[in-house]
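The lines below spell out each chain.
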There are 2 protein chains.
Amino acid sequence: MAQVQKPSIPKGTRDFTPEQMAGRNYIFDTVKSVFKKFGYKPIETPSMENLSTLLGKYGEEGDKLLFKVLNSGDAFSKISIQDFQMLIVGGGERASVASEQVSAGGESCNATPVINSNALSLKVCEKGLRYDLTVPFARYVVQHRSEITFPFKRYQIQPVWRADRPQKGRYREFYQCDVDVIGSRSLLNELELVQIVDEVFGIFGINVCIKINNRKILSGLAEVMGFPEKLVEITIAMDKIDKIGLEAVKEEMLSDGVDEKGFSILEPVLTFSGTAEEKLSLISNVVNDSETGRKGVDELKTLFDLIAKAGISQKVEVDLSLARGLNYYTGAIFEVKALDFAIGSICGGGRYDNLTGIFGLPDVSGVGISFGADRIYDVLLGLDKFPKEAIGGTKVLLSNMDEISAEYLLPLAQSLRKKGISCELYPDSAKLKKQFEYAEKNHIPFLVIAGETEVANNTVNIKNLETGNQTTVPLAEAPAFLS
Amino acid sequence: MAQVQKPSIPKGTRDFTPEQMAGRNYIFDTVKSVFKKFGYKPIETPSMENLSTLLGKYGEEGDKLLFKVLNSGDAFSKISIQDFQMLIVGGGERASVASEQVSAGGESCNATPVINSNALSLKVCEKGLRYDLTVPFARYVVQHRSEITFPFKRYQIQPVWRADRPQKGRYREFYQCDVDVIGSRSLLNELELVQIVDEVFGIFGINVCIKINNRKILSGLAEVMGFPEKLVEITIAMDKIDKIGLEAVKEEMLSDGVDEKGFSILEPVLTFSGTAEEKLSLISNVVNDSETGRKGVDELKTLFDLIAKAGISQKVEVDLSLARGLNYYTGAIFEVKALDFAIGSICGGGRYDNLTGIFGLPDVSGVGISFGADRIYDVLLGLDKFPKEAIGGTKVLLSNMDEISAEYLLPLAQSLRKKGISCELYPDSAKLKKQFEYAEKNHIPFLVIAGETEVANNTVNIKNLETGNQTTVPLAEAPAFLS
């Protein structure tokens, strides 16, 4: 412990200060209270999952973004030198046997031999950090199916890790906040999620638009376009329309192999604007030849009927261009945008029909949404919507003039806390100026002072630091005064 | 996503079910509310810290227990084949520098060549998972010192990871729950921590004994024993007295180089039983020749005076054999044991004078304690002390007989939630028996049924599943009835 280090944290990660934590806790406490009111229950899963659970679930790109954890103990000691040699690739004709490669570290004619990084990492890492909460949830449901009563309504608020290139608003560790119901196909679940979104953003005082579409409609569209096998490419391209515009989306689809005729069927759907009814009527005609498409339109209609009956305060709209990248969605898809603050979607999700299949439990349908805590934080901060009382801390600072004054005020601290008032006795006998500053910097509104006179008279001096008012009250009356 | 995997999680990690989460949240919410009342504020630090922040802070053993995270991207591709060759140790004449140690460790002439696992892991891992909350806190304080107003009172509740051998009650991922004040030497801080412990376990209804000692007394003891340089060995041996007994502790100390005469000074201190005053008087005599020892006795006396004045409900005692393993403690040390449940310590901590020194900020004194959430959970469960309301979930299940009945009950669900009553509308039109079972398994006390008759009469049937009582009330009166 000799040499001094300049402290820092890994790039893409963050410390959260008390002020930031107060805002974040307000967000988490709010969503939790709403989830609970709708009967959702919390679970938590380990930060580390077996890599076999995670690999292959997020596409090739996702696999690369997994943080792998080195096996504990001497991770490399179980690998023989021969194994290492086998992992060397490049270097011309050599590759298999050991000794030669050494000299091969070669300059001239042969490609420089390198280690097969991915293969080696899988030999020394069995675990990875959770990439999202969805796959661990699917794993949880399958592993605990015998003890779960379906439909299973759960929420989960935990950090996830992605080895993404850090940039503004994109972190390598961030919280996800997921709410799902699994084991029920009823559209009442979709309605419930819309109600939850409505209530959460109502409490936050953020005006949002809840955009809804259905993946079956997208499948139907791909069918009637004549390219059912290109559903993934079509949805990926569509998903970018807000960012890159219609022309670029068209270009991408054409380069993916969709033809002009196919795109001409899609184009009016992407550009149409109108009421939910008008949109549903349009899309109903377009996908009429696809059974899946008709099913999607039916589901969307039923959901909008339920929404109309339930009465949602926030804006809800059909967005036929909404695609959402994730391939596991099979029914309704949602996205929530803030209306008064420019930021990407702050909440999103959808229905999936076979998430648990890979873990051996097929045909369990579920639907869920995820709240983007970081973005919601930015919106609340940007719109100045954090309620003062939610982020407030200590209410009363009891000053410490000397040992006698401190011990004189000790029982008052206890009385205040008994009344639920958060208070601090300044621990050191310091200049009053210093204690004032401490109160100010910590936004503590009341300062209680007991100098010689107050101690002698069994009183205290209470200063309201917001108004500057100062009052002397009997010690015994201070708790009532400060309540 | 083709082949089916049997789902599992890494050994030493856990899933938390809704029932377990309810208990854990009760614990965390309780300690948080107490921390807040005493003016402590939350912070969070990243799960991953730079390995340079963590290594060397927990002793050699601790370094081995760190989980290392593989660098993202192709971790191994930056290592040349030559670098790899340099990391091979053993194999006779090969391996340039290392060769001698190798044959020394080896059997006959040539040991099998192996990779220097530790050196390689440091080449491919820059980050590690947090091992505790104390070192990250020290790092935080130094990194943020310009924005912190001292004394800084913070709490932090986050998971930590240790590559320990998993066994009953010992996990590789577990939560720590730390509360510290840093930047003040006042013993009022120690008192405050005792008050916090008192209040927390008071709320939990767990009877505890708060054991207190002072590391300066231990230093003084080592001095008067004649082995000041063996303080670490002496405290490590003492720390085991509860587990291995006096004789074994003596044996360990003698084998560490302490002589019989030295141990004879310590022995009466370890075996003495009496009141706090008697113990303080004994130890005051024993360490009288050591200035540090006298300072420790003074601090302990002052703290016990403060405790007597403040009035603590739980049992508090001087424990002169209490040592606590961690070397960074320099003043008061604490340990809390449950009196009515056999389990190790459920809370512990102490004062440290130079934790931030390694990060470039010397002479900042702090004191803190850590609550063992897993053990507290076990105690609450074992003593059946979890309050029913704290772990309760949904209060009302609205049954779903068919589409009409579901839509009939939808507005009632909204009214109940507006009143803060958590309720669920069963999403599928299922047999009533199934919905009954769902309510029972989820411990939902009220079931609301609306069959054809109820819908026609604008009423609902409310069944109390605990008592079996059933009542029909007008739909509009249901919210009041269920409040």
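Residues numbered from 1 in each chain as written. Chains lettered and ligands numbered in written order. Predicted model: local features only at pLDDT ≥ 70, side-chain atom pairs only at ≥ 80, totals over all residues. Heavy atoms only, no water.

Enquirer: Which residues make up the environment of A:Lys385, and what values do they have?
Expert: Residue and element names in this part refer to chain A. Along the polypeptide, Lys385 turns up in the loop between helix 15 (373–382) and helix 16 (388–391). For the pair Lys385 and Gly205, spaced 180 residues apart in sequence, the C-alpha to C-alpha distance is 6.8 Å. There is a polar contact of 3.4 Å between the side chain of Lys385 and the backbone oxygen of Gly205. (Helix = DSSP H or I, 4+ residues; strand = E, 2+ residues; numbered from the N terminus. Polar contact = N/O pair within 3.5 Å; in protein donor to acceptor, adjacent residues only side chain to side chain.)

Enquirer: I'd like a rundown of the pairing of strand 6 (residues 125–129) of chain A, residues and numbers included.
Expert: All names here are of chain A. Most of strand 6 is tucked away: four of the five residues are buried. Taken together, the three bridges between strand 2 (residues 48–50) and strand 6 define a ladder with antiparallel strand orientation. Across the sheet, residue Glu49 finds its bridge partner in strand 6, namely Gly128. Sheet topology note: the strand 3 (residues 68–70)/strand 6 ladder contains three bridges and is antiparallel. Its bridge partner lying in strand 6, Leu70 is registered against Cys125. (Buried < 20%, exposed > 50% of the residue type's maximum accessible area, 1.4 Å probe, protein only. Pairing = 2+ DSSP bridges.)

Enquirer: Outline the interface of chain B and chain A, listing residues and values.
Expert: Contacts between the two partners involve 111 residues from chain B and, on the opposite side, 113 residues from chain A. Across the interface of chain B and chain A, roughly 9600 Å² is buried in total on both sides, 59% from carbon and sulfur atoms. For the pair chain B and chain A, the interface holds eight salt bridges. The shortest N-O distance in the salt bridge between B:Glu192 and A:Arg417 comes to 3.8 Å. Summed over the shared surface of chain B and chain A, the result is 38 residue pairs in polar contact (both at pLDDT 80 or more). (Contact = heavy atoms within 4.5 Å. Buried area = accessible area lost by both parts, 1.4 Å probe. Salt bridge = Lys/Arg side-chain N within 4 Å of Asp/Glu carboxyl O.)

Enquirer: Let's hear about helix 10 (residues 231–238) of chain B: which residues, and what values?
Expert: Residue and element names in this part refer to chain B. Where helix 10 is concerned, the buried positions are Ile234, Thr235, Ala237 and Met238. The buried residues of helix 10 occupy one face: seen down the axis, they fall within an arc of 165°. Its buried side turned inward, helix 10 meets helix 9 (215–225), helix 11 (241–255) and helix 12 (260–271). (Arc of directions from axis to C-beta.)

Enquirer: Kindly report on the environment of A:Asp378, identifying the contributing residues and their values.
Expert: All names here are of chain A. Mapped onto the elements, Asp378 comes out in helix 15. In the structure, Asp378 is positioned 32 residues away from Ile346 in sequence and 10.0 Å away in space, judged by C-alpha atoms. Beyond its immediate sequence surroundings of up to four residues, Asp378 is in contact with Phe341 and Ile343.

Enquirer: I'd like to hear about the pairing of strand 17 (residues 459–464) of chain A, residue by residue, with values.
Expert: In summary, the side chains of a regular strand alternate between the two faces of the sheet. Residues and elements named next belong to chain A. The buried count for strand 17 comes to six of six residues, which makes it a mostly enclosed element. Residues Thr459, Asn461 and Lys463 line one face of strand 17 and the alternating positions Val460, Ile462 and Asn464 line the opposite face, and both faces are buried. Alignment of strand 16 (residues 446–449) against strand 17, held across four bridges, turns out to be antiparallel. For Ile449, the partnering residue across the bridge sits in strand 17 and is Asn461. Inspection of the sheet shows strand 17 paired to strand 18 (residues 470–474) by five bridges, in the antiparallel sense. The residue bridging Lys463 from the neighbouring strand is Gln470, located in strand 18. Here strand 17 folds back onto strand 18, and the loop between the two strands holds five residues, one of which, Gly468, carries a positive phi near 85°.

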